Amino acid sequence: YIYNHCYSLYLMRKYTGGKDILGPAPTQSATNFIALQSILAHKDALRAMVTSRDWTSSAYAKESKAKKIVEQILDSRFWKKCVDIVKLMESLVCVLYIVDGKDKPAMDCFCQAMYKAKEEMIRRFQKNKKVEPYLNILDRHWDSLCKSIHAAGYWLNPACHFNEEFAKHKSTTSGLLDVIERYAHGDPDLQFNLASEMRIFKNAELDFGRLVATHER
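First, a word on what this report is: a plain description of the structure on this page. Not measured: the values here are computed from a predicted model.

A word on the overall build of the protein chain. Scanning the protein chain from terminus to terminus reveals 13 helices and zero strands. Reading the helices (α) and strands (β) of the protein chain from amino to carboxyl end gives α-α-α-α-α-α-α-α-α-α-α-α-α. In terms of overall dimensions, the protein chain is more spread out than a globule: its C-alpha atoms have a radius of gyration of 25 Å, far above the 17 Å expected for 217 residues. Overall, the protein chain is about 80 × 35 × 30 Å in size when its C-alpha atoms are taken along their principal axes. Taking the contacts inside the protein chain whose residues are at least 6 apart along the sequence as the reference set, 58% of them involve residues at least 24 apart. Accessible surface for the protein chain amounts to roughly 14,200 Å². Of this, 56% is attributable to carbon and sulfur atoms.

Right, dumping it as structure tokens:
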């Protein structure tokens, strides 16, 4: 509504100090989230605008659509929901940045990013059960992806594997074994060789134990 009317747009910029509440997002998938985050950041300015004499004395204030906008801006329940959504989604948007990024492939760090996103969501809501339904939705979608191959990428990424956080996510080993079994096509010798190389990598033996390898990871 604000962006479709010149006077309301002028007023909004007056009360936000010339800042816009809508703009292009770094990743297309996060457009709605970035807009909501921005609206929340300008909550006080928007409330000041719709309760100002500039607004209440204008012709726009009498329009039915404008009245609905004002009612929403002054509704504390609306802002509480905004806060909850931003708290829930902010860490997931960080994952989207990684997936949508053109700088490097995301396969080797996507799994780690998902773990961190879930942990951050739980931390922000602490023991509040409000977060559980969202975690369940996230798990369902995560399970529907090629979970094993992402787990393999995570396991084989030295920057992740030799990080102290890896101890919390040892279950990714099963994902790597699933990938080995699938692409070894039942060849027992190949599976044995791959499993042996897993051990060499895990224990940082041979060239993986060199000083340069340790430094690079």
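So much for the structure itself; the text now carries on.
What follows is about the packing of aromatic side chains. In this structure the tally under the stated criterion is eight aromatic pairs. Both rings, one in Trp-155 and one in Phe-201, keep their centres 5.6 Å apart while their planes meet at 40°; by these two values the pair is tilted. Of this pair, Trp-155 sits in helix H9 (residues 147-155) while Phe-201 is found in helix H12 (residues 188-202), placing the two residues 46 residues apart along the sequence. Here the aromatic cluster, defined as three or more aromatic residues joined through ring pairs, consists of Trp-155, Phe-162, Phe-201 and Phe-208.

Right, let's get into helix H6 (residues 76-100). For H6, with 25 residues, the first-to-last C-alpha span of 34 Å sits near the 36 Å given by 1.5 Å per residue. Residue Met-89 marks the point of greatest curvature in H6, where the axis turns by about 40°. The opening residue of H6, the one whose side-chain oxygen lies 3.0 Å from the backbone nitrogen of Arg-77, is Asp-75.

What follows covers a nonpolar patch on the surface. There is a patch of nonpolar side chains on the surface, built from Met-107, Ile-149 and Tyr-183 and spanning about 270 Å² of accessible area. Mapped onto the elements of the fold, Met-107 is located in the loop between H6 and helix H7 (110-125).

Rules used throughout
- Residues numbered from 1 in each chain as written.
- Predicted model: local features only at pLDDT ≥ 70, side-chain atom pairs only at ≥ 80, totals over all residues.
- Heavy atoms only, no water.
- Helix = DSSP H or I, 4+ residues; strand = E, 2+ residues; numbered from the N terminus.
- Rg over C-alpha atoms; globule rule 2.2 N^0.38 Å.
- Contact = heavy atoms within 4.5 Å.
- Areas by Shrake-Rupley, 256 points an atom, 1.4 Å probe, with all protein chains shown as cover.
- Phe/Tyr/Trp six-rings, centres within 6.5 Å; stacked < 30°, edge-to-face > 60°.
- Expected span 1.5 Å × (residues − 1).
- Bend = angle between axes of the 7 residues up to and from the residue.
- Polar contact = N/O pair within 3.5 Å; in protein donor to acceptor, adjacent residues only side chain to side chain.
- Patch = residues over 30% accessible without salt bridge, like charges linked within 9 Å, V, L, I, M, F, W, Y side chains within 5 Å.
- Salt bridge = Lys/Arg side-chain N within 4 Å of Asp/Glu carboxyl O.

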